[in-house]
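# Commentary on secondary and tertiary structure
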Amino acid sequence: MKNVLLFIGLSLVTVTAFAQKKNVSAAERISKEAKPNYDEARNLIKSALEDPETKNDAKTWYVAGKIEDKQFTDENMKQILGQQPNEPVMYEALANSLPHFMKAYELDQLPNEKGKVKPRFAKSILGTLSANHVYYLNGGAYYFDQRDYRKACNFFEQYLEISDSPFFRGEKISEKDSSYMIVQFYLAVASTQLDDSEMAIRNLKRAKDTPYRQNEVYQYLCYEYEQIQDSVNLEKTLEEGLAVFPDSSYYLLHLISLYISSNRDEQALQHLNTAITRDPNNSDLYQAMGSVYESKKDYTKAEESYLKAVEIAPESPTALSNIGRVYYNQGVVKLAEANLISDATLYNQEKGVAKELFKKALPYFEKAYKTNPDERQYMVALRGIYYNLDMGEKFAEIEAKMNQ
């Protein structure tokens, strides 16, 4: 009885394996038809891909890839003939073909029962992937334009996977040419749109050493580090960016901001002095230097820096308000000190110093306000100045404006 049961069990395994191989052959036959029933072919091959007797057979995966490739080719041919293809169907088939072909190639390289490697499908797979390579770029571009960044990333990743595959080592398809660099860049950019900083950082780091829109990649990478509050890698990336793009104010100003926020004023000043030597007519650099000295309460040097910024950019409301703020804040401090003095003579003397500082601040804030009349901080400063200089009419005017 035991031998009979064993025989029946072995027969079931043989019959099942035979059935799945028939499914593979049937699916392959359907894929070669002029108008294949793709749903039927996929259902047949799906069961073979899951069955233990056929899922490790290179042919099973090869046929699965050919089914997808045939549907892609049919839709793509419409495009070649000037007809409108079903692009979602076309690109979905293309995306599905690669993992099947890659698995088929991997299994095809395994030794047979005699220990010999005799690939059956490798040449066909490599030829198909080589011919289709550029369409993975097109698929990524299609979904990028549709703002489906997840699918765009998938296509760009598949393009790079083919290029980087050891299967193509030494072939033209593996060259890191301009198309490769473009795909790296757009994969990184698409990643930044997915609210997945880990993925974005991984792809940006991959692209940052490629000479294609490298400056943008560095800035995207800095942004991602800011989002996850990784100040260590942010600083490292800013310093790298500054070394690669010394003429860009982005890295310098962000580094200065980082140094100021961490109380490293001397490093900020060192970078600023170097940058000003290279670009002495950059108003932003003098404004940044002024902000460092202002934070150190070295108002003399802050004034000197801000005045230089205004000299270079006399219409800049930011430069104007910066120098105005230095005078205004010193005036406020002097006024507070005067209010603590009981001696009338000394009080009037200190109050007079405060008024002179408010007078120095006045023209800068008035010009800044005229340039940008909707900026509330300029109104607040002017209201304080008008009040302390007893300019009642002007005070009432700006007060009315602020209350609107």
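What counts and what doesn't
- Residues numbered from 1 in each chain as written.
- Predicted model: local features only at pLDDT ≥ 70, side-chain atom pairs only at ≥ 80, totals over all residues.
- Heavy atoms only, no water.
- Helix = DSSP H or I, 4+ residues; strand = E, 2+ residues; numbered from the N terminus.
- Rg over C-alpha atoms; globule rule 2.2 N^0.38 Å.
- Buried < 20%, exposed > 50% of the residue type's maximum accessible area, 1.4 Å probe, protein only.
- Contact = heavy atoms within 4.5 Å.
- Areas by Shrake-Rupley, 256 points an atom, 1.4 Å probe, with all protein chains shown as cover.
- Lys, Arg positive; Asp, Glu negative; His and termini not counted.
- Charge placed at Lys NZ, Arg CZ, Asp CG, Glu CD.
- Axes fitted to C-alpha atoms, helices over the stretch in contact; angles between N-to-C directions.
- Parallel < 35°, antiparallel > 145°, perpendicular 65-115°, else oblique.
- Left-handed = near helix turned anticlockwise from the far one by under 90°.
- Nonpolar A, V, L, I, M, F, W, Y, C, P; charged D, E, K, R; others polar.
- Salt bridge = Lys/Arg side-chain N within 4 Å of Asp/Glu carboxyl O.
- Core = buried A, V, L, I, M, F, W, Y, C linked by side-chain atoms within 4.5 Å.
- Expected span 1.5 Å × (residues − 1).
- Bend = angle between axes of the 7 residues up to and from the residue.
- Phe/Tyr/Trp six-rings, centres within 6.5 Å; stacked < 30°, edge-to-face > 60°.
- Disulfide = S-S within 2.5 Å.
- Polar contact = N/O pair within 3.5 Å; in protein donor to acceptor, adjacent residues only side chain to side chain.

This part covers the overall build of the protein. Scanning the protein for helices and strands turns up 18 helices and zero strands. Scaling as 2.2 N^0.38, a compact globule of 404 residues should have a C-alpha radius of gyration of about 22 Å, whereas the protein reaches 35 Å, well beyond that. Of all 404 residues assigned to the protein, the portion counted as buried reaches 43%. Long-range pairs, those at least 24 residues apart, make up 54% of the contacts in the protein with a sequence separation of at least 6. Accessible surface computed for the protein: about 22300 Å², of which carbon and sulfur atoms make up 51%. Across the protein, the 49 positively charged side chains and the 58 negatively charged ones have centroids separated by 7 Å.

A word on the packing of helix 9 (residues 214-227) against helix 10 (residues 231-244). When two helices pack together, their arrangement is given by the angle between their axes and by how far apart the axes lie. Helix 10 packs onto helix 9 with a crossing angle of 165° between their chain directions and a minimal axis gap of 9 Å. Between helix 9 and helix 10, the angle is such that the two are roughly antiparallel. The two elements helix 9 and helix 10 cross, and the hand of that crossing is left-handed. When helix 9 is examined against helix 10, the residues Q214, Y218, L221, C222, Y225 and E226 are found in contact with a partner set consisting of N233, L234, T237, L238, E240, G241 and V244. Among the residues forming the contact of helix 9 with helix 10, the class breakdown is seven nonpolar, four polar and two charged.

Before going further, it helps to spend a moment on the pattern of salt bridges. The final tally for this structure, using the stated rule, is 25 salt bridges. Residue K70 pairs with D74 through a salt bridge whose shortest N-O separation is 3.1 Å. One end of the pair, K70, and the other, D74, are both in helix 3 (residues 58-80), four residues apart, so they sit about a helical turn from each other. Here K334 ties to E350 by a salt bridge, and the two come within 3.2 Å at their closest N and O atoms. Residue K334 is found in helix 15 (residues 317-338), and its partner E350 is found in helix 16 (residues 344-371); the two are separated by 16 residues along the sequence.

We now examine the nonpolar core. With 115 residues, the main nonpolar core has I45 and L129 as its most contacted residues. It is helix 4 (residues 87-108) that provides the largest number of residues to this core, a total of eleven residues. Here I45 is in contact with V24, A27, T60, V63, A64 and I67, once residues within four sequence places are set aside.

Because each turn of an α-helix spans 3.6 residues, side chains separated by three or four positions end up pointing in the same direction. Taking 1.5 Å of rise per residue, 24 residues should cover 34 Å, and helix 5 (residues 122-145) covers 34 Å from first to last C-alpha, within 8% of that figure. Of all the bends in helix 5, the largest measures some 40° and sits at H133. Positive backbone phi, approximately 65°, marks R147, located one or two places after helix 5.

The backbone of K297 sits at a positive phi, close to 60°, despite the residue not being glycine. Within the secondary structure, K297 is located in the loop between helix 13 (283-295) and helix 14 (299-312). With a relative accessible area of 62%, K297 lands in the exposed category.

Aromatic rings in a pair are described by how distant their centres are and how their planes are angled relative to each other. In total, this model carries 22 aromatic pairs according to the counting rule given. Ring centres 4.5 Å apart and planes at 20° place the aromatic pair Y62 and F121 in the stacked group. Placement of Y62 in helix 3 and of F121 in the loop between helix 4 and helix 5 is noted, with a sequence separation of 59 residues between them. Y62 sits in the buried class, given a relative accessible area of 11%. Look at F72 and Y135: their rings are 5.3 Å apart centre to centre, the planes differ by 65°, and that puts the pair in the edge-to-face class. Of this pair, F72 sits in helix 3 while Y135 sits in helix 5; the two residues are 63 residues apart in sequence, bridging distant segments of the chain.

Our focus in this paragraph is the state of the cysteines. Under the defined criterion, the tally for this structure stands at zero disulfides. C153 provides the cysteine sulfur closest to C222, a residue in no disulfide bond, and the two sulfurs are 20 Å apart. Judged by relative accessible area, which is 0%, C222 ranks as buried.

What follows concerns the packing of helix 6 (residues 149-164) against helix 8 (residues 197-207). Axis separation between helix 6 and helix 8 bottoms out at 14 Å; the angle between their running directions is 40°. Accordingly, the angle class assigned to the pair helix 6 and helix 8 is oblique. Crossing of helix 6 over helix 8 shows left-handed handedness. Contacts from R150, C153, E157, L160 and D164 of helix 6 reach helix 8 at M199, N203 and R206.

Another aspect to go through is the side chain of E75. Topologically, E75 is positioned in helix 3. Since its relative accessible area comes to 11%, E75 is described here as buried. A polar contact is formed between the side chain of E75 and the backbone nitrogen of N86, at a distance of 2.9 Å. Leaving out residues up to four positions away in the same chain, E75 has contacts with P85, N86, V89 and M90.

Turning to the environment of A41, a few remarks are in order. Along the chain, A41 turns up in helix 2 (residues 38-50). The class of A41 is buried, set by a relative accessible area of 1%. In sequence terms A41 and Y220 are 179 residues apart; their C-alpha atoms lie 44 Å from each other. Leave out the neighbours within four places in its chain, and A41 touches A27, I30 and I67.

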